[in-house]
Amino acid sequence: MFGLIPFKMNRVYKEDVFDNFLSEFFNDDFFDMSNINGSFKADIRETDNEYLVEAELPGVKKEDIELDYENNNLIISAKRDEFVEDNNNNFIRKERHYGNFLRSFYVENVDREGIQGRFKDGLLQIIMPKIERKTNRNKRINIQ
């Protein structure tokens, strides 16, 4: 939002400057509503024996993360405290989110007792073993 309007070397039309200003203004991250609730990004993969979850939680301490599995829902909640300095910094833009984060994922067929979690360098990894091993559900049917 505080970017400079680019200058064209050949001809500058009022419409071009106005169009650039509007497009830069409305394409600014301030209007990006995808992260308004302070969620985090996560990936879920499935193998034959388990589900693998990776969630990005930079700036979160290990003791501020809670994992729950109930009613076939994996619930990841975390808290990131804001570090406030006493000096008067006048922020022009502040993009880092602080507070509580929560995501829930529906994952069935999980051995609740075998769930393991690891947290290192801002990446939470969760291994969720399956109760039953996946069998090949595709069976070729011969046509006679």
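Everything numeric here is computed off the predicted structure, so don't read it as measured data.

1. Notes on the nonpolar core
- In terms of nonpolar packing, the biggest core is built from 19 residues, with Leu 57, Ile 65, Leu 74, Ile 76, Leu 124, Ile 126 and Met 128 touching the most fellow members.
- Those elements giving two or more residues to this core turn out to be strand S2 (50–56), strand S3 (65–70), strand S4 (73–80), strand S5 (99–106) and strand S7 (123–129).
- Leaving out residues up to four positions away in the same chain, Met 128 has contacts with Glu 50, Tyr 51, Val 53, Tyr 69, Leu 74, Val 107, Val 110 and Ile 115.

2. Focus: the side chain of Lys 130
- Along the chain, Lys 130 turns up in the segment after S7.
- Exposure remark for Lys 130: the relative accessible area of 10% places this residue in the buried category.
- At 2.8 Å, the side chain of Lys 130 and the backbone oxygen of Thr 47 are in polar contact.
- In this structure Lys 130 touches Glu 46, Thr 47, Asp 48, Asn 49, Glu 50, Tyr 51, Asn 109, Val 110 and Asp 111, once residues within four positions along its chain are discounted.

3. So, the pairing of S4
- Of all eight residues in S4, six are buried; the element is thus mostly enclosed.
- Bridging between S3 and S4 involves six bridges; their strand directions are antiparallel. Across the sheet, residue Asp 68 finds its bridge partner in S4, namely Ile 75.

4. Considerations on the sheet that holds S3
- Sheet architecture is open: three strands sit in the order S3-S4-S5, paired in antiparallel fashion. Where the open sheet ends on each side, the last strands, each with one partner, are S3 and S5. Direction aside, neighbouring strands of the sheet carry axes that sit 15° apart on average.

What counts, and at which threshold
Residues numbered from 1 in each chain as written. Predicted model: local features only at pLDDT ≥ 70, side-chain atom pairs only at ≥ 80, totals over all residues. Heavy atoms only, no water. Core = buried A, V, L, I, M, F, W, Y, C linked by side-chain atoms within 4.5 Å. Buried < 20%, exposed > 50% of the residue type's maximum accessible area, 1.4 Å probe, protein only. Helix = DSSP H or I, 4+ residues; strand = E, 2+ residues; numbered from the N terminus. Contact = heavy atoms within 4.5 Å. Polar contact = N/O pair within 3.5 Å; in protein donor to acceptor, adjacent residues only side chain to side chain. Pairing = 2+ DSSP bridges. Axes fitted to C-alpha atoms, helices over the stretch in contact; angles between N-to-C directions.

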